[in-house]
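Geometric and topological summary
Here is how the chains run, residue by residue.
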Amino acid sequence: MKARRGGTRAPRPAPGTPTGGAGNGGRRAGRWSAPEASRSNALHAGAWWLWALGLATAASRTTNPLLLGMIIGVAGYVVAARRTDAPWARSYGAFVKLGLFVLGLRLVFSVVLGSPIPGTHLLFTLPEVPLPAWAQGVRFGGRVTAEQLVFAAYDGIRLATLLICVGAANSLANPARLLKSLPAALYEAGVAVVVAMTFAPNMVADVVRLRNARRLRGRPTGGVKAILQIGLPVLEGALERSVAMAAAMDARGYGRTAAVPPAVRHTTNLLTLGGLLGMCAGTYGLLAADGARFGTPVLVGGLVLALAGLRLGGRRSIRTRYRPDRWGLRSWLVAGSGAAVAAVLIRAGSLDPAGLQPGVVPLVTPGLPLWPAAGILIGLLPAFVAPLPPAPAKESP
């Protein structure tokens, strides 16, 4: 047998055996698993926000702590599986702490200011401060019952879940790519929104960096004095970033618009305003019991008008996109999983309202509705279909 020139051929792996490249450290799995993220196959930033908004919509439809805990677990698992090492990806922990703070604050307000929820299980009684006649309905102190604390805890957990869903979107979506993907008509407003969204992640990164620097210098990182000493550099860094962004936008000719005929401009304003009003009226119709019949068609009509207005308004912008992000199959799956969770919880609210809104008068142990819980698990789909975050670069010895 003749030997092939160039050496022997490597043996072919057996069918079904996972294959991994040498350049990615073996992180690439089999044919049907998610690939490693690159510039060409990166997930669209808007898909992460649609997924997170779907989870937040589902959380707003229930006060069941078991279902809310499942939503928090789904969001945390996806963040842990697909979060990168970027600065904005470190803000998830801050949003979790903020959610816990909101929960504690809601309980404190319920104890101090009272609650309209009647209760028979008295826990303790605080000294009540007498108020004037014009402050009827408001009290400080008084009776504290188990029913009012449970009601406040349910409401606080729901608010915390909404914050955690927003934190998940902030941790997973690249804000710069989200800004680039906005329609041209919304570019000016999108800049303000993206700057507002990146403020919290950048502030968290600055606080972590300054605390590490103080720790290395042997200075305390806790206490009021340390917080005041850290706050000034954080505000200074935020001001420097704002000035740098303004200079970069000015250097790139930001704000230049094309010449648009007055008729097109007036038509754009009319379509956009009419579409927004239609969307508001349709949303009210879906939420109100008497307007459910006209809510859906008015909402769809308003959405069509708004999209047409945005399409015409895009003619004012003369900017171009360098390598625009593509909305592929994986983006549809990620966004669709969040929409499916929201649809399941909305449907469950009409079929089984007692399961989604456990009663507090009288006190009952909340149960776990099986098919709404199974619907929440659909939100785990991004942890399996979204591209894997790139492996951190290893330093050479």
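Residues numbered from 1 in each chain as written. Predicted model: local features only at pLDDT ≥ 70, side-chain atom pairs only at ≥ 80, totals over all residues. Heavy atoms only, no water.

Scanning the protein from terminus to terminus reveals 13 helices and two strands. Put simply, the protein has 397 residues, and 31% of those count as buried. Look at the contacts in the protein between residues 6 or more apart in sequence, and 78% of them connect residues 24 or more apart. On the protein, roughly 24400 Å² of surface is accessible, and the fraction owed to carbon and sulfur atoms is 67%. (Helix = DSSP H or I, 4+ residues; strand = E, 2+ residues; numbered from the N terminus. Buried < 20%, exposed > 50% of the residue type's maximum accessible area, 1.4 Å probe, protein only. Contact = heavy atoms within 4.5 Å. Areas by Shrake-Rupley, 256 points an atom, 1.4 Å probe, with all protein chains shown as cover.)

This part is about the pattern of salt bridges. Tallied over the full model, the rule gives two salt bridges. Taking the shortest distance from any N to any O, the salt bridge between D155 and R106 comes out at 3.2 Å. A residue pair is termed long-range when its members are at least 10 positions apart, and D155 in helix α4 (residues 146–172) and R106 in helix α3 (residues 92–113) qualify at 49 residues. For D155, a relative accessible area of 18% translates into the label buried. With its nearest N and O atoms 3.4 Å apart, the salt bridge here joins R158 to D155. With a gap of three residues between them, R158 and D155 both fall in helix α4, about one helical turn apart. It is possible to trace a salt-bridge network through shared partners that takes in R106, D155 and R158. (Salt bridge = Lys/Arg side-chain N within 4 Å of Asp/Glu carboxyl O.)

Along its 16 residues, helix α1 (residues 45–60) runs 23 Å from first to last C-alpha, staying within 8% of the 22 Å computed at 1.5 Å per residue. Burial runs high along α1: 12 of the 16 residues are buried. Taken together, the buried positions of α1 are A45, G46, A47, W48, W49, W51, A52, G54, L55, A56, A58 and A59. (Expected span 1.5 Å × (residues − 1).)

Turning our eyes to something else, we now look at the environment of D352. Relative to the assigned elements, D352 resides in the loop between α10 (329–351) and α11 (353–356). Separated by 17 residues in the primary sequence, D352 and P369 have C-alpha atoms spaced 8.6 Å apart.

Among the nonpolar cores identified, the biggest contains 37 residues, and W48, W51, L55, I71, V334, L345 and I376 are the most heavily contacted of them. For this core, the secondary structure elements donating two or more residues are α1, α2 (65–82), α4, α10, α12 (370–376) and α13 (382–385). Looking at this core, the element that brings in the most residues is α1, giving 10 residues. (Core = buried A, V, L, I, M, F, W, Y, C linked by side-chain atoms within 4.5 Å.)

With that settled, the discussion passes to the confidence of the model for the protein. Caution applies to low-pLDDT regions: their predicted coordinates should not be interpreted in detail. Residue-level pLDDT values for the protein average 76, and 73% of them are 70 or greater. Within the protein, α2 carries the highest mean pLDDT (93), whereas helix α5 (residues 175–180) carries the lowest (70). Taken together, the stretch residues 1–32 has pLDDT below 50 and engages in 14 contacts with residues farther than four places along the chain or on a different chain. (pLDDT = per-residue confidence, 0-100.)

Running from N to C, α3 and α4 point in directions that differ by 160 degrees, and their axes come no closer than 8 Å. Considering their axes alone, α3 and α4 lie roughly antiparallel with respect to each other. Remark: the crossing between α3 and α4 carries right-handed chirality. In terms of residue class, the contact of α3 with α4 is made up of 19 nonpolar, seven polar and two charged. (Axes fitted to C-alpha atoms, helices over the stretch in contact; angles between N-to-C directions. Parallel < 35°, antiparallel > 145°, perpendicular 65-115°, else oblique. Left-handed = near helix turned anticlockwise from the far one by under 90°. Nonpolar A, V, L, I, M, F, W, Y, C, P; charged D, E, K, R; others polar.)

A few words now on the side chain of S331. Turning to its location among the elements, S331 is positioned in helix α10. A relative accessible area of 2% places S331 in the buried class. A polar contact is formed between the side chain of S331 and the backbone nitrogen of H44, at a distance of 3.4 Å. Other than its neighbours up to four places away in sequence, S331 contacts L43, H44, A47 and R326. (Polar contact = N/O pair within 3.5 Å; in protein donor to acceptor, adjacent residues only side chain to side chain.)

Structurally, the position occupied by L55 is in helix α1. Judged by relative accessible area, which is 1%, L55 ranks as buried. Here the alpha-carbon distance between L55 and I376, two residues 321 residues apart in the chain, equals 8.2 Å. Setting aside residues no more than four positions away along its own chain, L55 makes contact with I71, V74, A75, C165, G338 and V341.

A grouping of L98, F101, L105, V108, F109, V112, L113, V129, L131, V138 and F140 is seen on the molecular surface, where their side chains present a nonpolar patch of about 900 Å² in accessible area. By residue number, the principal contributor to the nonpolar patch is α3, which donates seven residues. Judged by relative accessible area, L105 falls into the partly exposed class, the value being 34%. (Patch = residues over 30% accessible without salt bridge, like charges linked within 9 Å, V, L, I, M, F, W, Y side chains within 5 Å.)

Running from N to C, α1 and α4 point in directions that differ by 175 degrees, and their axes come no closer than 9 Å. One way to sum up the angle between α1 and α4 is to call them roughly antiparallel. Judged by residue contacts, W48, W49, W51, A52, L55, A56, A59 and S60 of α1 engage R158, T161, L162, C165, V166, A168, A169, N170 and L172 from α4. A class-by-class count of the residues in the contact of α1 with α4 yields 13 nonpolar, three polar and one charged.

Below, the discussion takes up α3. The end-to-end C-alpha separation of α3 is 31 Å, in line with the 32 Å expected for 22 residues at 1.5 Å each. Of the positions making up α3, those classed as buried are Y92, F95, G99, S110 and V111. Down the axis of α3, the sector holding all buried residues measures 165 degrees, keeping them to one side. The exposed residues of α3 that point more than 90 degrees off its buried face are K97 and F101. Where α3 is buried, its residues meet α2, β1 (122–129), β2 (140–145) and α4. At the C-terminal side of α3, G114 shows a positive phi close to 80 degrees. (Arc of directions from axis to C-beta.)

As for its placement among the helices and strands, A373 is situated in helix α12. Distance from A373 to I71, taken between C-alpha atoms, is 9.1 Å for residues 302 residues apart in sequence. Filtering out sequence-adjacent residues up to four positions away, A373 remains in contact with L67, M70 and L368.

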